[in-house]
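Below are the chains, spelled out letter by letter.
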Amino acid sequence: NQINLFQLSIEKVIVALIMTLIIINGEIDLSVASIMGLAAAAFGWLFQSGFPAEWAIAMALGVGVICGAFNAFWIAWAGIPSLVVTLAMLIAYRGFARVLVEDRGITDFPQWFDNLGQSAILGPFPLSMLIFLVLLFVLYFVLQRSAFGRKVYFIGSNKDVADYSGIDVKRVKATIFVASGLISALAGVLFAARVGSVRGD
């Protein structure tokens, strides 16, 4: 029962992991839910257009990377506050999903794809929960055991001091936002697998 309850929110929990890095870094990303929706919509649209599901998954993840990189450009290099950029992109990415899928509901995905979100893979654990556990370990290692994690903390504490200390602040911020786009897209694909359908809303 605990696993079933946890599975109902697993996609949001996965996104919360990467959001931890962003918040520690002193930024915010309001567009993660819209990237989730856009990635899921892109997967459904590509699959309906005749692409194999495997290719559609890869391209949906690529959509997330592109969205994250677009956010990163305006935040890290253009210097626009992340609150402003990601709020605008929240609306834009949601609109793109509507354009792709419109008011249709896309279903009839391959059974193996639906099983990824609905069936246990290892013992009682579905794939999404295993991905969460792996990402949780990776996040712990990055924040506690890596130089990159120290830079994330340092920049979040004082960005100007970090910049004057020789840390490439722009690259660190860009890396985090690209990772945010990728993880959000992954969560969107997992959500589509669990629900078994995709809608533009």
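Quick caveat: nothing in here was measured; it's all calculated off a predicted structure. (Residues numbered from 1 in each chain as written. Predicted model: local features only at pLDDT ≥ 70, side-chain atom pairs only at ≥ 80, totals over all residues. Heavy atoms only, no water.)

Draft legend 1. Local environment of the packing of aromatic side chains. By the definition in use, this model includes 10 aromatic pairs. Seen from their ring centres, Phe43 and Phe109 are 5.1 Å apart, and the 55 degrees between their planes marks the pair as tilted. On the criterion of sequence distance, the pair formed by Phe43 in helix α3 (residues 32-48) and Phe109 in the loop between β1 (105-106) and α6 (111-118) is long-range, its members being 66 residues apart. Phe109 sits in the buried class, given a relative accessible area of 6%. Ring centres of Phe47 and Phe109 lie 5.6 Å apart, and the angle between their planes is 70 degrees; this geometry places the pair in the edge-to-face category. On the criterion of sequence distance, the pair formed by Phe47 in helix α3 and Phe109 in the loop between β1 and α6 is long-range, its members being 62 residues apart. Classification of Phe47 as partly exposed rests on a relative accessible area of 22%. Among the aromatic residues, those joined into a ring-pair cluster are Phe43, Phe47, Phe109, Trp112 and Phe113. (Phe/Tyr/Trp six-rings, centres within 6.5 Å; stacked < 30°, edge-to-face > 60°. Helix = DSSP H or I, 4+ residues; strand = E, 2+ residues; numbered from the N terminus. Buried < 20%, exposed > 50% of the residue type's maximum accessible area, 1.4 Å probe, protein only.)

Draft legend 2. Geometry of the environment of Ile28. Inspection of the secondary structure puts Ile28 in the loop between α2 (10-24) and α3. When its relative accessible area of 27% is taken as the criterion, Ile28 is described as partly exposed. Here the alpha-carbon distance between Ile28 and Pro81, two residues 53 residues apart in the chain, equals 9.0 Å. Ignoring any residue separated from it by four or fewer positions in sequence, one finds Ile28 in contact with Met19, Ile22, Ile23, Ser82, Leu83, Thr86 and Phe177. (Contact = heavy atoms within 4.5 Å.)

Draft legend 3. Representation of the nonpolar core. Judged by nonpolar contacts, the single largest core of 53 residues is most densely connected at Ile14, Leu21, Phe43, Phe113 and Val198. Those elements that place two or more of their residues in this core are α2, α3, α4 (53-77), α5 (82-101), α7 (127-145), α8 (147-157) and α10 (169-195). With 11 residues, α10 is the single largest residue contributor to this core. Contact partners of Ile14, with chain neighbours within four places excluded, come to Ser128, Ile131, Phe132, Leu135, Ile183 and Leu190. (Core = buried A, V, L, I, M, F, W, Y, C linked by side-chain atoms within 4.5 Å.)

Draft legend 4. Representation of unusual backbone geometry within the structure. Phi is positive for Glu102, close to 60 degrees, though the residue is something other than glycine. Within the element layout of this structure, Glu102 appears in the loop between α5 and β1. Classification of Glu102 as partly exposed rests on a relative accessible area of 46%. The backbone of Asp108 sits at a positive phi, close to 60 degrees, despite the residue not being glycine.

Draft legend 5. Quick peek at the side chain of Thr86. Mapped onto the secondary structure, Thr86 falls in helix α5. For Thr86, a relative accessible area of 0% translates into the label buried. Among the polar contacts made by the side chain of Thr86, one reaches the main-chain amide nitrogen of Leu30 at a distance of 3.1 Å. (Polar contact = N/O pair within 3.5 Å; in protein donor to acceptor, adjacent residues only side chain to side chain.)

Draft legend 6. Fine view of a nonpolar patch on the surface. The grouping of Leu30, Phe70, Phe73, Trp74, Trp77, Ile80, Leu83, Val84 and Leu87 at the surface amounts to a nonpolar patch, some 820 Å² of accessible area in total. Among the elements of the structure, α4 and α5 are those that each provide at least two residues to the nonpolar patch. Along the chain, Trp77 turns up in helix α4. Note on Trp77: relative accessible area 49%, which makes it partly exposed. (Patch = residues over 30% accessible without salt bridge, like charges linked within 9 Å, V, L, I, M, F, W, Y side chains within 5 Å. Areas by Shrake-Rupley, 256 points an atom, 1.4 Å probe, with all protein chains shown as cover. Salt bridge = Lys/Arg side-chain N within 4 Å of Asp/Glu carboxyl O.)

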